[in-house]
Amino acid sequence: SLFGQKWKRNTAKSGNEMRPTLEIEEIIVPLYADIKQITNMAYKKRIADQLLQRKLRGKGAVLIRGAKWCGKTTTAEQIAQSVIYMDDPKRRATYLQMAEMSIDQLLAGSTPRLIDEWQLAPKLWDAIRYEVDHRPDLGQFILTGSAVPADMSQVEHSGTGRFAWLTMRPMSLWESEDSTGTVSLRELFEGNESVTGQVFHELDDIAYLICRGGWPRAIDMETDIALDQAKDYVDGVVHSDISRVDGVQRSAETTRKLLRSYARHQGTQATIGTITADMTTGGGFDISEKTVSSYINALQDIFVIEDAEAWNPNLRSKTAIRTSGTRYFVDPSIATASLGIGPKDLINDLSTMGLMFETLCIRDLRVYAEMLDGKVFHYRDKNDLECDAVVHLRNGAYGLIEIKLGGETLINEGAESLCKLADKIDTTKMKAPAFKMVLTATGNYAYKMKDRDVFVVPIGTLKP
């Protein structure tokens, strides 16, 4: 429609409507700007937008990595001033030949220049490093690609000092506009004591958000179609991505069994042996722990799995801290899709829903922590005193968080656990916690408990 309007406005007045007075390029160039503007109107802002702008101010190039379908290319397109899509079927062969014979032409264009699917021509890495070294300005290039890592055997330089790395994850509830954002994680770290907020999510709503996940394309889709996106994602991992990651052909059946077992162990510190035993329960299937470990490593490389590291605070006592990682998918919908369950199944099995809700909260906290220059950890000691999430910032500040579906009994249990852990921390050797929080699925209000220094916050009110 836009093209037709511009064509008509620029046709000759001689009566021959088929003869334009402008060359076709003169129509297409401003048309591209119009289309980009319209696309941006529908774009839901991401936390990664600000992170990308910041990193471009400090480095010559930024590599965006993360799970497939999480929106890496779309986010980069909002900032890029020129784009080259290396996987364009019509131009791919030409681009690959240029990467061998005339790579400079691929790098020429307005900056920041986005090079999508750059890993198809790994030599681009060293060429970009060279360009960054010899151009006076920062923020020259943005690199995005599929979740499958590049073949770095053709790369001679690590990129240290020239490249910055940005990890993107599926959308948090605040980014997908499913959170009111009335409670700010940043303000909690700054000492805000007046936490207020209201949300109207019921348990059914949270069950749906868990199964839909944070996939950008699913956000505005009809309910059933949105739920299909996670199933399609899992199918893609099973039949393609798990083998493309390093060129090793892997079994679809084994991958599905592993994904199901991992889903059943969300939020736990299950060992490789435990997962292997779970996969082989019932007989008729045999696999070694070494093979299971290789599959898990492959899933980590393509950002399907993102376990939480153990947090090691300074304690007053000599309590032994369990250092095993806690099992999580990068998005809770991967777990539900792997198990073949939907929102109604979660409502009928609140124990399983609790584990899936924890994965959703960890996803959101990781996205928010990235904005605050922090990281999310998990704590558990030999006495089974546990803290579901510790958001630890680079400046040493940290917050303790327990994750509960809701209800007075569970909230009180979570608050008691947080206070016990806080009392064990040696504040002569490290800071006291900036805040203690019980993060809930249900409950319409955010508030501070009267008898404890603990905030109760529905996940649907939280933002960075």
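Here the structure is a predicted model, which is why all the values come from computation and not from measurement. (Residues numbered from 1 in each chain as written. Predicted model: local features only at pLDDT ≥ 70, side-chain atom pairs only at ≥ 80, totals over all residues. Heavy atoms only, no water.)

Student: So what's going on with the overall build of the protein chain? Which residues, and what values?
Tutor: Tallying secondary structure elements over the protein chain gives 17 helices and 14 strands in all. Looking at the protein chain as a whole, 52% of its 464 residues qualify as buried. Sequence-distant contacts, at least 24 apart, represent 71% of the contacts inside the protein chain between residues at least 6 apart. Carbon and sulfur atoms form 48% of the exposed surface of the protein chain, whose accessible area is close to 22100 Å². (Helix = DSSP H or I, 4+ residues; strand = E, 2+ residues; numbered from the N terminus. Buried < 20%, exposed > 50% of the residue type's maximum accessible area, 1.4 Å probe, protein only. Contact = heavy atoms within 4.5 Å. Areas by Shrake-Rupley, 256 points an atom, 1.4 Å probe, with all protein chains shown as cover.)

Student: A description of the environment of Ser176 should follow, citing residues and the corresponding values.
Tutor: Here Ser176 shows up in the loop between β5 (163–168) and β6 (183–184). Overall, the relative accessible area of 5% leaves Ser176 in the buried class. Not counting the four nearest positions on each side in its chain, Ser176 is found in contact with Lys44, Met171, Arg212 and Ile219. A polar side-chain atom of Ser176 sits 3.3 Å from the main-chain carbonyl oxygen of Leu173. (Polar contact = N/O pair within 3.5 Å; in protein donor to acceptor, adjacent residues only side chain to side chain.)

Student: Report on the sheet that holds strand β1 (residues 61–66), specifying residues and quantitative values.
Tutor: In a beta sheet, neighbouring strands pair by backbone hydrogen bonds and run either parallel or antiparallel. Across the sheet, five strands lie side by side as β2-β3-β4-β1-β5; this open sheet has parallel pairing. The sheet is open, and its two borders are formed by β2 (82–85) and β5, each paired with just one other strand. On average, each strand axis in the sheet is inclined to that of its neighbour by 20 degrees, with strand direction left out of account. Sheet contacts for helix α3 (residues 47–58): β1, β4 (141–144) and β5; angle to β5, the most-contacted strand, approximately 175 degrees. (Pairing = 2+ DSSP bridges. Axes fitted to C-alpha atoms, helices over the stretch in contact; angles between N-to-C directions.)

Student: Hey, could you go over the nonpolar core for me, with residue numbers and the actual values?
Tutor: Ranked by internal contacts, the top residues of the largest apolar core, which has 95 residues, are Phe357 and Leu439. Per-element tally for this core: the top contributor is helix α16 (residues 350–371), with eleven residues. Other than its neighbours up to four places away in sequence, Leu439 contacts Phe357, Cys361, Leu365, Ile401, Glu402, Ile403, Lys404, Val457, Pro458, Ile459 and Leu462. (Core = buried A, V, L, I, M, F, W, Y, C linked by side-chain atoms within 4.5 Å.)

Student: Account for the pattern of salt bridges, with residues named and values stated.
Tutor: Scanning all chains against the criterion turns up 31 salt bridges. Residue Asp384 is joined to Arg322 by a salt bridge in which the shortest nitrogen-to-oxygen separation is 3.2 Å. Residue Asp384 is found in the loop between β8 (374–380) and β9 (386–393), and its partner Arg322 is found in the loop between α13 (289–301) and α14 (332–339); the two are separated by 62 residues along the sequence. The class for Asp384 is partly exposed, based on a relative accessible area of 42%. A relative accessible area of 34% places Arg322 in the partly exposed class. The closest approach of N and O atoms between Lys448 and Asp453, which form a salt bridge, is 3.0 Å. You can call Lys448 partly exposed: its relative accessible area is 32%. Looking at Asp453, the relative accessible area reads 43%, which means it is partly exposed. In this structure, a network of salt bridges that share partners links the residues Arg169, Glu306, Arg366 and Glu370. (Salt bridge = Lys/Arg side-chain N within 4 Å of Asp/Glu carboxyl O.)

Student: If you had to explain the pairing of strand β11 (residues 435–440) to someone new, which residues and values would you point to?
Tutor: Of all six residues that make up β11, six are buried, and the element is covered over most of its length. In β11, alternate side chains face the same way, and those of Phe435, Met437 and Leu439 on one face and Lys436, Val438 and Thr440 on the other are all buried. The parallel pair strand β10 (residues 398–404) and β11 is bridged by helix α17 (residues 408–424), and the resulting crossover is right-handed. In terms of strand pairing, β11 meets strand β13 (residues 455–458) through four bridges, oriented parallel. What sits directly across from Leu439, in β13, is Val457. (Right-handed = clockwise from strand over helix to strand, strands pointing away.)

Student: Requested: an account of the sheet that holds β11, with residues and values cited.
Tutor: On the basis of which strands lie adjacent, the open sheet formed by seven strands has the order β7-β12-β13-β11-β10-β9-β8 and mixed pairing. Whereas interior strands pair on both sides, the edge strands pair on one side only; in this sheet they are β7 (197–198) and β8. The pairing of β9 with β10 spans four bridges and is classified as antiparallel. Paired with Val390 across the strands is Leu400, a residue of β10. Sheet contacts for α16: β8, β9, β10 and β11; angle to β8, the most-contacted strand, approximately 140 degrees.

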